[in-house]
Each structure stands twice: as C-alpha cells, then as structure tokens.
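If you want the building blocks of each chain, they are given just below.
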Amino acid sequence: MGDVPLGSTLAAPSDEPISQPPSAYDIAVDRLFRNLAFGLAWGAVLVVALVVGEIGQKALPAIHEYGTQFLTQTVWDPNRKSFGILPQIWGTLYTSILGLTVGTVFGVAIAIFLSEGFLASAVDAVLRATGQADRPFFSQLPVRVEGVLQTTVELLAAIPSVVYGLWGIFVVIPLVRPWADWFHTHLGWLPWFSTALSGPGILPASLVLAIMVLPTISAISRDALVAVPPRLREAALGLGATRWEAIIAVIVPAAATGIWGSVILGFGRALGETVALAMLAGNANVISWSVFSPCSTLAALLANNFPEAGPVEVGALMYAALILLAITLLVNMVGAAILRRADAGLKGLQ
Amino acid sequence: MKPRGPFADPEHIDLPELERSLRNPRTFLDLLLSTLTGLLTLGALFPLFSVLYLLIVRGGRLLSLSLFTSLPPAAMVAGGGFGNALIGTLLVVAIATAISVPFGIMAAVYTAEIGPETRTTRIVLFAAKILTGLPSILAGVFAYAAVVVVTGGFSAPAGGVALALLMLPTILLTAEDAIKSVPAKMREAAIGMGATPTQVICRILLPTALPGMLTGVMLAVARAAGETAPLLFTALFSDYWISRTNPLFLPKSVSDLMQPTPSLAVLIFNFSSSPFDNQIELAWAAALVLVGLVLVVNLLGRALSRRAIRA
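**Student:** What am I meant to see in the overall build of chain A here?
**Tutor:** The secondary structure content of chain A amounts to 13 helices and two strands. The globule rule puts the C-alpha radius of gyration for 350 residues at 20 Å, and the 29 Å found for chain A is more than 25% above it. On the principal axes, the C-alpha backbone points of chain A span a range of 100 × 70 × 40 Å. For chain A, with 350 residues in total, the buried portion stands at 47%.

**Student:** Hey, could you run me through the overall build of chain B in this one?
**Tutor:** Of regular secondary structure, chain B possesses 11 helices and zero strands. For chain B, the N- to C-terminal ordering of α and β elements is α-α-α-α-α-α-α-α-α-α-α. Its C-alpha atoms give chain B a radius of gyration of 27 Å, more than 25% over the compact-globule value 19 Å for 311 residues. Taken over the C-alpha atoms alone, chain B extends approximately 95 × 70 × 35 Å along its principal axes. Total accessible area computed for chain B in this model is approximately 14800 Å², and 68% of it derives from carbon and sulfur atoms.

**Student:** How should the environment of A190(B) be read in this particular structure?
**Tutor:** All names here are of chain B. Assignment of secondary structure puts A190 in helix α7 (residues 184-192). Taking the C-alpha atoms as reference points, A190 and A128, 62 residues apart in sequence, are found 30 Å from one another. What A190 contacts, discounting residues up to four positions off in sequence, is A195, V200 and I204.

**Student:** What should I look at first to understand empty space enclosed by the protein in this one?
**Tutor:** Gaps left between atoms are located by rolling a probe of water-molecule size over the structure's atoms. Residue and element names in this part refer to chain B. With the rule as written, the count across this model stands at three cavities of 30 Å³ or more. The calculated volume of the largest cavity comes to roughly 40 Å³. Lining the largest cavity are 10 residues; nearest its centre among them are W241, I242, D256, Q259 and P260. Counted by class, the lining of the largest cavity contains five nonpolar, three polar and two charged residues.

**Student:** I would appreciate a short explanation of the side chain of N298(B) in the present structure.
**Tutor:** For N298(B), the position within the fold is in helix α11 (residues 277-310). Setting aside anything within four residues of it in sequence, one finds N298(B) in contact with L155(A), A158(A), L219(B) and A222(B).

**Student:** Quick question: what am I supposed to make of the packing of aromatic side chains here?
**Tutor:** Working definition: an aromatic ring pair is given by the centre-to-centre distance plus the angle between the planes. Applying the stated criterion across every chain, the model contains 21 aromatic pairs over all chains. When the centroid spacing of 6.2 Å and the interplanar angle of 80° are considered together, the rings of Y144(B) and F233(B) count as edge-to-face. Of this pair, Y144(B) sits in helix α5 (residues 136-151) while F233(B) is found in the loop between α8 (197-226) and α9 (254-257), placing the two residues 89 residues apart along the sequence. No difference in accessibility class separates Y144(B) from F233(B), as the two residues are buried. An aromatic cluster of three or more residues is present, and its members are Y66(A), F70(A), W76(A), F83(A) and Y319(A).

**Student:** Help me understand the pattern of salt bridges in this model?
**Tutor:** Any two side chains of opposite charge can pair if their charged atoms end up close together. Residues and elements named next belong to chain B. What the rule picks out here adds up to 12 salt bridges over all chains. Here E227 ties to R223 by a salt bridge, and the two come within 3.2 Å at their closest N and O atoms. Accessibility expressed as a relative area gives 11% for E227, which makes it buried. Accessibility expressed as a relative area gives 36% for R223, which makes it partly exposed.

**Student:** Would you take a moment to explain the environment of T261(B) for this structure?
**Tutor:** All names here are of chain B. When you line up the elements, T261 lands in the loop between α9 and α10 (264-272). Discounting chain neighbours no more than four positions away, the residues touching T261 are G88, L91, V92, S155, A156, A235, L236, F237, S238 and I242. Separated by 3.0 Å, the side chain of T261 and the backbone oxygen of Q259 make a polar contact.

**Student:** I'm lost on the interface of chain A and chain B in this one. Help?
**Tutor:** Accessible area lost when the parts come together is the quantity often used to give the size of an interface. At the junction of the two partners, chain A supplies 78 residues and chain B supplies 79 residues. Carbon and sulfur atoms supply 82% of the area that chain A and chain B bury against each other, a total of about 6700 Å² over both sides. For the interface between chain A and chain B, the tally reads two salt bridges. Taken together, the links from chain A to chain B amount to 10 residue pairs in polar contact (both at pLDDT 80 or more). Among the elements that line the side of chain A that touches chain B, the one with the most residues is helix α1 (residues 24-66) of chain A, at 21 residues. In the side of chain A that touches chain B, the residues fall into 58 nonpolar, 12 polar and eight charged.

**Student:** Explain the packing of helix α6 (residues 161-187) of chain A against α10(B) here, please?
**Tutor:** Helix-helix packing is characterised by the crossing angle of the two axes and by the distance between the axes. Where α6(A) contacts α10(B), the axes come no closer than 9 Å and their chain directions differ by 20°. Considering the angle they form, α6(A) stands roughly parallel to α10(B). Like other packed secondary-structure pairs, α6(A) and α10(B) cross with a definite hand, here left-handed. Contact residues: V162(A), L166(A) and I169(A) in α6(A); A265(B), I268(B), F269(B) and S272(B) in α10(B). Residue composition of the contact of α6(A) with α10(B), grouped by class: six nonpolar, one polar and no charged.

**Student:** Sorry if this is basic, but what is going on with the packing of helix α3 (residues 83-114) of chain B against α8(B) here?
**Tutor:** Residue and element names in this part refer to chain B. For the pair α3 and α8, the least separation of the axes is 10 Å and the interaxial angle reads 140°. Compared by their axis directions, α3 and α8 come out oblique. In this structure, α3 meets α8 at a crossing whose hand is right-handed. Side by side, α3 and α8 meet where T89, V93, T97, V101, I105, V109, E113 and I114 of the first sit next to I201, L205, L206, M213, V217, V221, A224 and A225 of the second. Here the contact of α3 with α8 is composed, by residue class, of 13 nonpolar, two polar and one charged.

**Student:** I would appreciate a short explanation of the confidence of the model for chain B in the present structure.
**Tutor:** Low-confidence regions, as indicated by low pLDDT, have predicted coordinates that should not be scrutinised in detail. Per-residue pLDDT for chain B averages 87, and the proportion of residues at 70 or more is 90%. Among the prediction metrics, the complex's ipTM stands at 0.88, with pTM recorded as 0.88.

**Student:** Would you mind showing me how to read α5(B) here?
**Tutor:** Working note: α-helix, 3.6 residues per turn, so residues spaced by three or four point in the same direction. Residues and elements named next belong to chain B. With 16 residues, α5 ought to run about 22 Å at 1.5 Å a step, and its terminal C-alpha atoms sit 21 Å apart, in line with that. Of all bends in α5, the biggest is about 40°, found at Y144. Of all the 16 residues making up α5, 12 are buried; the element is thus mostly covered by neighbouring parts of the structure. Along α5, the positions that sit buried rather than exposed are S136, I137, L138, A139, G140, V141, F142, A143, Y144, A145, V147 and V148. Of the residues one or two after α5, G152 is the one with positive phi, at around 85°.

**Student:** When you look at a nonpolar patch on the surface in this model, what are you seeing that I'm missing?
**Tutor:** Judged by side-chain polarity, L22(B), F28(B), L29(B), L31(B) and L32(B) come together as a nonpolar surface patch covering roughly 470 Å² of accessible area. Take L32(B): its relative accessible area is 46%, and that puts it in the partly exposed class.

**Student:** Sorry if this is basic, but what is going on with unusual backbone geometry here?
**Tutor:** It is generally the case that most residues other than glycine have a negative phi and that most peptide bonds are trans. Notably, K81(A) is not glycine yet its phi reads approximately 55°, a positive angle. Residue position: K81(A) is located in the loop between β1 (76-77) and β2 (82-83). The backbone of L236(B) sits at a positive phi, close to 55°, despite the residue not being glycine. Secondary-structure assignment places L236(B) in the loop between α8 and α9. Overall, the relative accessible area of 23% leaves L236(B) in the partly exposed class.

**Student:** Would you explain the environment of G104(B) in this entry?
**Tutor:** Residues and elements named next belong to chain B. Topologically, G104 is positioned in helix α3. Between the C-alpha atoms of G104 and V217, which are 113 residues apart in sequence, the distance is 9.5 Å. When sequence neighbours within four positions are dropped, the list of residues in contact with G104 reads L168, I171 and L172.

**Student:** I'm lost on the side chain of Q279(B) in this one. Help?
**Tutor:** Of note, Q279(B) is situated in helix α11. Here Q279(B) is in contact with P73(B), A74(B), A75(B), F271(B) and S274(B), once residues within four sequence places are set aside.

What counts, and at which threshold
- Residues numbered from 1 in each chain as written.
- Chains lettered and ligands numbered in written order.
- Predicted model: local features only at pLDDT ≥ 70, side-chain atom pairs only at ≥ 80, totals over all residues.
- Heavy atoms only, no water.
- Helix = DSSP H or I, 4+ residues; strand = E, 2+ residues; numbered from the N terminus.
- Rg over C-alpha atoms; globule rule 2.2 N^0.38 Å.
- Buried < 20%, exposed > 50% of the residue type's maximum accessible area, 1.4 Å probe, protein only.
- Areas by Shrake-Rupley, 256 points an atom, 1.4 Å probe, with all protein chains shown as cover.
- Contact = heavy atoms within 4.5 Å.
- 1 Å grid on protein atoms, 1.4 Å probe; cavity = no way out; pocket = protein on both sides within 12 Å on 5 of 7 lines; lining within 4 Å.
- Points joined across faces, edges and corners; volume = space filled by probe spheres on them.
- Nonpolar A, V, L, I, M, F, W, Y, C, P; charged D, E, K, R; others polar.
- Phe/Tyr/Trp six-rings, centres within 6.5 Å; stacked < 30°, edge-to-face > 60°.
- Salt bridge = Lys/Arg side-chain N within 4 Å of Asp/Glu carboxyl O.
- Polar contact = N/O pair within 3.5 Å; in protein donor to acceptor, adjacent residues only side chain to side chain.
- Buried area = accessible area lost by both parts, 1.4 Å probe.
- Axes fitted to C-alpha atoms, helices over the stretch in contact; angles between N-to-C directions.
- Parallel < 35°, antiparallel > 145°, perpendicular 65-115°, else oblique.
- Left-handed = near helix turned anticlockwise from the far one by under 90°.
- pLDDT = per-residue confidence, 0-100.
- Expected span 1.5 Å × (residues − 1).
- Bend = angle between axes of the 7 residues up to and from the residue.
- Patch = residues over 30% accessible without salt bridge, like charges linked within 9 Å, V, L, I, M, F, W, Y side chains within 5 Å.

If you want it as structure tokens, here you go:
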C-alpha cells in the first residue's frame, strides 16, 4: 500500500464533469412520463366516477319507473314486472348487524390480546418456569410467537369467501342445527326463535359473516390500542390499577374512536359480502325476526338474478346495485372519517 | 375516613394481604378476563383450522394429476376435474394484473413523488380509499355494464376488468407507501448527479421500492384469485376448454378469448349447491387447490415485505 503514491488511484482531474445536464431527449421523455403519471392518477378518480356513473345511468329508467315504491315493496317477480327490495334491505341489515356484533366481540378481544402482549408474557412465563429464558436461542421466541398469531388472524381474511360458504354449508349449518332445534322448541314463543332452521338461514350466514369481518376489526382496533400513549397505561398502573382495570378504564376508552372506526369499516365489508351469503342465507323473499328463518340480501339478489336476467330485470337489478353502492359508500366514508378523528384525537395525548 | 388495606396501620404492614391471591376479587377478575380473551382468540382461530383441516381431508382425498387435465364431470359421472377452471382463473387474474399493475404503480408514482402535496393527490387517494370499500359484486355490475353489454357477451376480459377494479386500490396504496419509504438521501444523490425526475423514478425509486410494491401486487393477486362475485356475470362459466384447438393451453385467437371463461371460484360456487356427491367432492378438491394457491401467494408477499423492512 505504501509503495503506491496516493494520487495515482484517482483519475486525473479532467474538464468533463461526471454529471451532465439532461439532453433534449431526456427532457422530452421526462415530460411525457410525468404527464402519463398525472393522467393515470386522475384515471383512478375517473374509475370511481365511471363506476358510479355507469351504474347510476343504467339504473335511471328503473328509478323513473318504480320510484320509491321499489324500496318498500316485498315482491320480486320479473314476469309481472313487479320489483321491490324491502326483504333484501331487511336481510342485508339483519345479517350484517348480527354478524358484526359477534365479530366485534371476538375482534376486539383479539386486538386486546395481541396489543397487550398476553401471549408473549405467557410464553415468557413458560420459558422462565422451565429455566430456558436466558438461552439466546429462545430470547426472540415470545415476540415471534406473537407475530405468528397475528399473521394467522390476518390469514382468516385471505380465505376466499366462496370457500367459507362451502365450509358453512357442511360445517356451520350441521353444527348449529341441534342448538337451533332446542331453542325453537323451548323458546319458540320469542320472535327470534319463532321458526325452525331448515338449513340455510340468518344465523349460519351471520356466523360466517362474523368470521369474515373479524380480521378487519381486529387489525384496525389493534392499531388503535397500540397507538395509546404508554404513559396513560403507566399512570393507571402506578395508581394501583390491575392490568384489566387499566385496560377497561383507561386504554380502551382512549382507543374507543379507533375501535368504532374499525367496527364501521367492518360493517361496510359485511354489507357488501356476496357469495358466502348467497350460499348460506337461503335466498328467500322473507321478512322475519327469527334468526333461523332464511333471508335474502342485496348482494345475493344481484349474484343470483344477474346471470339470467332479461333487459327489464337488469334495469331493476341496476337500481338495487345503486342502493347497495350508496349504502356502502356512506358507511365507508363515515368509518374513514371516524378513523381520521381518532388519529387527530390521540395527537393531543402524545 | 379511616384508611383501610395493608397500609392502614403504618406500624404494622399486613404482608399476606400484599400477596397475589385469587381470593382477592380484583385479582380474580383480572385472571378471569385474561382467560376469557385467550379463549375468544383461540375460538376465532377455530374456523381457519377447521377450514384447512376439512380442505385437506375432504379435498385431498380426490387430489390427483387427472384433476388438472380433465373437464368438470356431469352429474353422477365418476372422475373429471377442473383443468379448464384452473387455466381460466390464471387467465382472468393475469388480465386483471396486466391492467391494474401499470395503472396503480404509475398513479402511485404521481401521488408519492411527482406531486405529493397537491390537490390531485388528495383526490386520488380519496378515490383509492373509496375503491377499497367497494363491494366486489359491484365491480362485477360495473364490468357487466361497461364490458359485457358493449362487447355483447360474457368473456375473460370482462372478468379481468372487474378484478382489476378490486386490485387497483391495494396496488396503488402499497406502492405509494413503498415509494415514500425510499431514503431521501438516494433521491437527493440522483438529483445531484443531474438526473431528470423520470430518471430518478425509474433508476432509483422504483428498483428500491420493488419489494414493497411486489408485496402489494401479490396480496392483490391473492385476493383477486379467490373472488367469485365479480366473475359470476362477467366471465360466467363454461364446461369446455378455453382454447378449442389445443385443449390444455391458452386462447389461440380473439374468439377464444371472448368466450365465457370458467374459474375455480365459480366452479366451487356452482357445485356447492349441487345435489350430486361427485360434484360436491370436486368442489372440495377445487377449494383445496384455490386456497393453496391463494395462501402461497399471500404468504410469499408477506415474506417479501418482511425482507423489505429489514433491508
């Protein structure tokens, strides 16, 4: 090293700099590329406008013809050109709210379980009890196990809904049938159990729906719980609260807006879910309080009737699609607005 | 009020009362709630494992090579498979990917790099969030109105458009995140060398952000491959091979492409309500293949994103 004079490894300073100004070609390509990106960015906006416009335009004749009666009538009969979607609206709301309730209980429980590190501390306790905690091999284990659990919960969302539908037909319906029979025979005077479960129905559909909204709720709720500043928890523990007293009285209320946002977004998913419901709800034009009665939903109506619909029925289906679009857009915007407020609210606590 | 508890009398601290004992209602409640959340979490995982178990047991029974090389069987006819549906799924998803990936990534390049603080960006991101919440059946309704009605028939491109609509927001939003997380130093070094914005994007930002963008693409592909609702009345279904001339392969002509196209998801949907055992068993086998496909792509995407974070 010492033999080589230092300067020789460097290129002799030349008049030509390494960097050059862009050529006219470069500038032209640059302008084209940037305009293309600008155009495609607006393209994404155009797509939304096209979806709303296309469905709205195709629904327009039906809106003129059937008016608001469409929302209050209970018959769907293409032969008599009589269309009403009240049973579908009822079924959509009933299954969504029931599924959402079950999904929220499980989803928030999972969010708390994951965000408070219960699993990691349990694994840690086991390692300590067996005297393995100090081994470097196991040092990452609690964190790893928790990561695996989180991925597993997220994988619930990766299973296609048609597979959940298949599973619902062959597992959930046989599983709830004995319970449904018991409730119907013993508590049949209650409106919720007033019919027998004939197979597909509101309850199995809602249970499968609960599984499908659960990952949404648990993921967003977990983010909200993790975002609660640690000093709030520390203050509660310092005042003598137990772990759960801190969770219930301090952490969950601080994250409440975010949890609400997750529930509303889960509601949006439940309203639009199609195939699993078409397979499990029974597709009957019925309005009933009973959780064992079959029902129909807006999305299932579209899925079942569209492939074989004539031009008159397609118009009515487009009207139904427009109603579904309006409801889900509204619910999703409310959910997004709540989540934005949750972010803003936590900033004051940092 | 007289103080109570272990410190009531400062002369004498009641040590047993300081110990953790389940007889203390507060400690008991704590343990009860911990157990309850643990059980609820386990309960929520039951469906996942139940689905996987049944798929492997019921679907695995039928699994053989002939499933992938033969056509769906008629009622009560033994044998048969879903080769055409598998090819159809791959074809429709490929069309959707070809539409949504360039579209989504170029839009993300704009929102993340060219005009990050502009009003356009705010509107585009708002539109993308709206698309995220779009029910999948409505993507099908749109593709029906915009493609099926215009071209005059059910076809693979119609299904591809519907799926592309569902993939677009995922790809756009993850690509935006990935581009934004490229270190500013790299961008600044390139600008300092005299690179035009396009050169910075194409030579520095996109290659560096590639793993993150790929994650988004793979998650979107995994989701699209399992979608049924948007295909029901866009690609429809068919009991025949896509290419009439060469059974196992892709469409050979435009007229092949513009035919109703089968897919695994629609096959499962149709056969699940079939009264015939052989078709139901085939639905389980198809579900096993579909879930396997979806989970592999999904997990690969996640593994990529973990590597991206580490780098």
